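Results of the structural survey
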Amino acid sequence: MARQPYDTIIFDLGGVLIDWNPRHLYQKIFSTETEIDHFLTEICPYSWNLEQDAGKSLAQATEERVALFPEWEVPIRAYYGRWEEMLGGAIMGTVDLLESLLAAKRYKILALTNWSLETYPIPLARHEFLSWFEGVVISGEEKCAKPDPRIYQILFDRYQVDPQKAIFIDDNAHNVEAGKKAGLTSIQFLSPMQLREDLSDLL
C-alpha cells in the first residue's frame, strides 16, 4: 500500500516546541501541589487563559478575575505579571526534529498556536526556531483559538493547505480531535521520541 503523499506538517508551539506550564510559576508561589491544582482548576483555569489566547486583553481579564476572587488577587496578578516564569525553555528533541524536517526540503512547515499576541513576543525573542516556519497562525491575532474549526480553516486558506495532505501535531487532545474533524492526519504529542516514531510511520 502506497504511503499518503504528505506535503505539509503543522506544529503547535506551547507544549510541543516550547515548555510552557503555569506550574513553573506557581510552584514558587504556593507550597503544595494541592494549592496549585485548586488555583489552576478553580481560579485561573486553562479555559480562562484560552480567552486571552483568543484575543482578550490581559489587563481586562486580570481585573475581571480579581473582582471575582479578590482573596486570590496576588496569585491572579502573577499569572500575567510574571508570565515569563511559566516558560521552561525549548523542547530540544522536537526542535531537532523540526530542523531535520526543514533540511529535507520536502514539506511546507507551518505553525498553528493558541497564544496571546501580548505574550508571544517573549518566546519570539528567545527562540530563533520560531522564525523557521513558512507561516504561523496565532490565535490572538485571529481572535479565535483551537479547537474552534475556524482557525484551522484560516490556516488552510492563508497557506494553501490541503488537509488531506497535511499532518498536524498538538499536545492537547481536544485540538487533535478538532484537527481530525478538519480533515488533518493528527498526532497527539507526548514526547519528542514518540513524535519522531509516529512521523516515521507516516512519512
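In what follows, the structure referred to is the one given above.
Let us look at the structure shown here. (Residues numbered from 1 in each chain as written. Predicted model: local features only at pLDDT ≥ 70, side-chain atom pairs only at ≥ 80, totals over all residues. Heavy atoms only, no water.)

Here we look at the overall build of the chain
Summing up its helical and strand segments, the chain has 11 helices and 7 strands in all. At 18 Å, the chain has a C-alpha radius of gyration in line with the 17 Å of a compact globule built from 203 residues. Split into buried and exposed, the 203 residues of the chain put 48% on the buried side. Taking all contacts inside the chain whose residues are at least 6 apart in sequence as the whole, residues at least 24 apart take part in 69%. Total accessible area computed for the chain in this model is approximately 10,000 Å², and 52% of it derives from carbon and sulfur atoms. Across the chain, the centroid of the 19 positively charged side chains sits 4 Å from that of the 31 negatively charged ones. (Helix = DSSP H or I, 4+ residues; strand = E, 2+ residues; numbered from the N terminus. Rg over C-alpha atoms; globule rule 2.2 N^0.38 Å. Buried < 20%, exposed > 50% of the residue type's maximum accessible area, 1.4 Å probe, protein only. Contact = heavy atoms within 4.5 Å. Areas by Shrake-Rupley, 256 points an atom, 1.4 Å probe, with all protein chains shown as cover. Lys, Arg positive; Asp, Glu negative; His and termini not counted. Charge placed at Lys NZ, Arg CZ, Asp CG, Glu CD.)

Examining helix 4 (residues 58–68)
Taken residue by residue, helix 4 has Leu58, Ala61, Thr62, Arg65 and Val66 as its buried positions. Take helix 4 and look down its axis: the buried residues cluster within an arc of 130 degrees, on one side only. Exposed and oriented more than 90 degrees from the buried face of helix 4 are Ala67 and Leu68. Looking at the buried positions of helix 4, the neighbouring elements they touch are helix 2 (33–43), helix 3 (46–53) and helix 5 (73–81). Where helix 4 begins, the capping side chain belongs to Ser57, and its oxygen is found 3.2 Å from the backbone nitrogen of Ala59. (Arc of directions from axis to C-beta. Polar contact = N/O pair within 3.5 Å; in protein donor to acceptor, adjacent residues only side chain to side chain.)

A look at the packing of helix 6 (residues 92–104) against helix 11 (residues 192–202)
In the contact formed by helix 6 and helix 11, the axes pass within 8 Å of each other and the chain directions differ by 30 degrees. When the axes of helix 6 and helix 11 are compared, the pair comes out roughly parallel. Both helix 6 and helix 11 take part in a crossing whose hand is right-handed. Contact residues: Gly93, Thr94, Asp96, Leu97, Ser100 and Leu101 in helix 6; Pro192, Leu195, Arg196 and Leu199 in helix 11. (Axes fitted to C-alpha atoms, helices over the stretch in contact; angles between N-to-C directions. Parallel < 35°, antiparallel > 145°, perpendicular 65-115°, else oblique. Left-handed = near helix turned anticlockwise from the far one by under 90°.)

Let's talk about the sheet that holds strand 4 (residues 108–113)
Pairing is parallel across the open sheet formed by 5 strands, whose spatial order is 5-4-1-6-7. In this open sheet, the two edge strands, each paired with only one partner strand, are strand 5 (135–138) and strand 7 (185–188). In this sheet, neighbouring strand axes are inclined to one another by 20 degrees on average, regardless of whether the strands run parallel or antiparallel. As defined by bridge partners, strand 1 (residues 8–11) adjoins strand 6 (residues 166–170) across 4 bridges and the pair is classed as parallel. Opposite Ile10, over in strand 6, you have Phe168 as the bridge partner. (Pairing = 2+ DSSP bridges.)

So, the layout of surface pockets
Considering only enclosed or pocket space, the largest pocket measures out at about 480 Å³ in volume. Trp20, Pro22, Tyr46, Asn49 and Asp171 are, among the 25 residues lining the largest pocket, the residues nearest its centre. If you list the elements that add at least two residues to the lining of the largest pocket, you get helix 3 and helix 5. If you tally residues by element for the lining of the largest pocket, the top one is helix 3, at 3 residues. Residue composition of the lining of the largest pocket, grouped by class: 10 nonpolar, 10 polar and 5 charged. (1 Å grid on protein atoms, 1.4 Å probe; cavity = no way out; pocket = protein on both sides within 12 Å on 5 of 7 lines; lining within 4 Å. Points joined across faces, edges and corners; volume = space filled by probe spheres on them. Nonpolar A, V, L, I, M, F, W, Y, C, P; charged D, E, K, R; others polar.)

Focus: helix 2
Residues of helix 2 that are buried include every one of Ile36, Phe39, Leu40 and Ile43, and no others. Burial along helix 2 is one-sided: seen end-on, the buried residues are contained in an arc of 110 degrees. The inward-facing, buried residues of helix 2 abut helix 1 (22–29), helix 3, helix 4 and helix 5.

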